[in-house]
Amino acid sequence: MSANGSMQNVGWPNSVSPGIGAFRIDVPAEWSAIEPAGGLIAFLAPPSDNFRVNLVVFGERVPADKELGELAEEALLGAGATDIVAIGMDGAESEDQLPSAARRTDLLLEGRMVRQLAVTTEGPDRSPTGVRSVYALVGSCLTERADVDEHILTEMISSFTVTAGVPAAH
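Let me begin by describing the structure that accompanies this report. Sequence order as written defines residue numbering, which begins from 1 separately in each chain. Given that this is a predicted model, residues contribute local features only at a pLDDT of at least 70 and side-chain atom pairs are listed and counted only at 80 or more, while totals for whole chains, interfaces and linings are drawn from all residues. Hydrogens and waters are ignored; side-chain quantities use all the structure's heavy atoms.

**Overview of the packing of aromatic side chains**
This is how it is decided: Stacked, tilted and edge-to-face are the three classes applied to pairs of Phe, Tyr and Trp rings, where Trp contributes its six-membered ring and a pair requires centres within 6.5 Å; stacked means planes under 30 degrees apart, edge-to-face means over 60, and tilted covers the rest. Only DSSP runs of H or I with at least four residues qualify as helices, and only runs of E with at least two residues qualify as strands; both kinds are numbered from the N terminus onward. When accessible area is computed with a 1.4 Å probe and restricted to protein chains, residues below 20% of their type maximum are described as buried, those above 50% as exposed, and intermediate ones as partly exposed.
Counted by the stated rule, this structure contains three aromatic pairs. Seen in terms of ring centroids, Phe23 and Phe160 are 5.0 Å apart; in terms of plane orientation they differ by 35°. Their pairing is tilted. A residue pair is termed long-range when its members are at least 10 positions apart, and Phe23 in strand β1 (residues 22-24) and Phe160 in the loop between α2 (146-159) and β9 (161-164) qualify at 137 residues. Comparing Phe23 with Phe160, the two get one shared label, buried. Measuring from centroid to centroid gives 5.3 Å for Tyr135 and Phe160, while their planes differ by 55°, and the two rings are tilted. On the criterion of sequence distance, the pair formed by Tyr135 in strand β8 (residues 132-142) and Phe160 in the loop between α2 and β9 is long-range, its members being 25 residues apart. With respect to burial, Tyr135 and Phe160 carry one shared label: buried. By the ring-pair criterion, three or more aromatic residues cluster together here, those being Phe23, Tyr135 and Phe160.

**Description of the nonpolar core**
In globular proteins that are soluble, nonpolar side chains generally tend to be buried together. Note the threshold: For our purposes a nonpolar core is just a set of buried Ala, Val, Leu, Ile, Met, Phe, Trp, Tyr and Cys residues, chained together by side-chain atoms within 4.5 Å. Whether two residues touch is decided by their heavy atoms; if any such pair falls within 4.5 Å, the residues are in contact.
In terms of nonpolar packing, the biggest core is built from 23 residues, with Trp31, Val53, Leu55, Leu137, Leu153 and Phe160 touching the most fellow members. Counting only elements with at least two residues in this core, the list comes to β4 (54-62), β7 (112-122), β8 and α2. Each residue touching Leu153, except ones within four places of it in the same chain, is listed here: Trp31, Val53, Asn54, Leu55, Leu117, Gly139, Ser140 and Cys141.

Encoded structure:
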């Protein structure tokens, strides 16, 4: 309460703290979606060879001093990666695109060699203090099937679009 006893009702998100913006992504029709612990949404391929190729979308508000490449590496380190390779150059390919960073690793998970791709990008919603929405897309496939499945994951990741104030379709 203020000194004079009045209060104001503040909703969230708002102009001071806009929250995570909406996005769209193309997903193969036969894949399913779930809400994962710690993530915004995850997409799962039908089971094959006792494994489900998957893509998890994470999102958070991050300070300006955190580089996208560093955040992509952190996403892979969380799964136990030790040998992380940069894919291409960090940044935007054109002035019309938002910046991104991509990293890849192969690691042993539950007795199987798994390839993980992590791509980070940011929304256009940078606050006056530099905080912005950052999305990390982490895809996983069996290393032995990477020649097929990595292409699908890359296509999905490439379709990811931050829609800012436009509501996402149901």
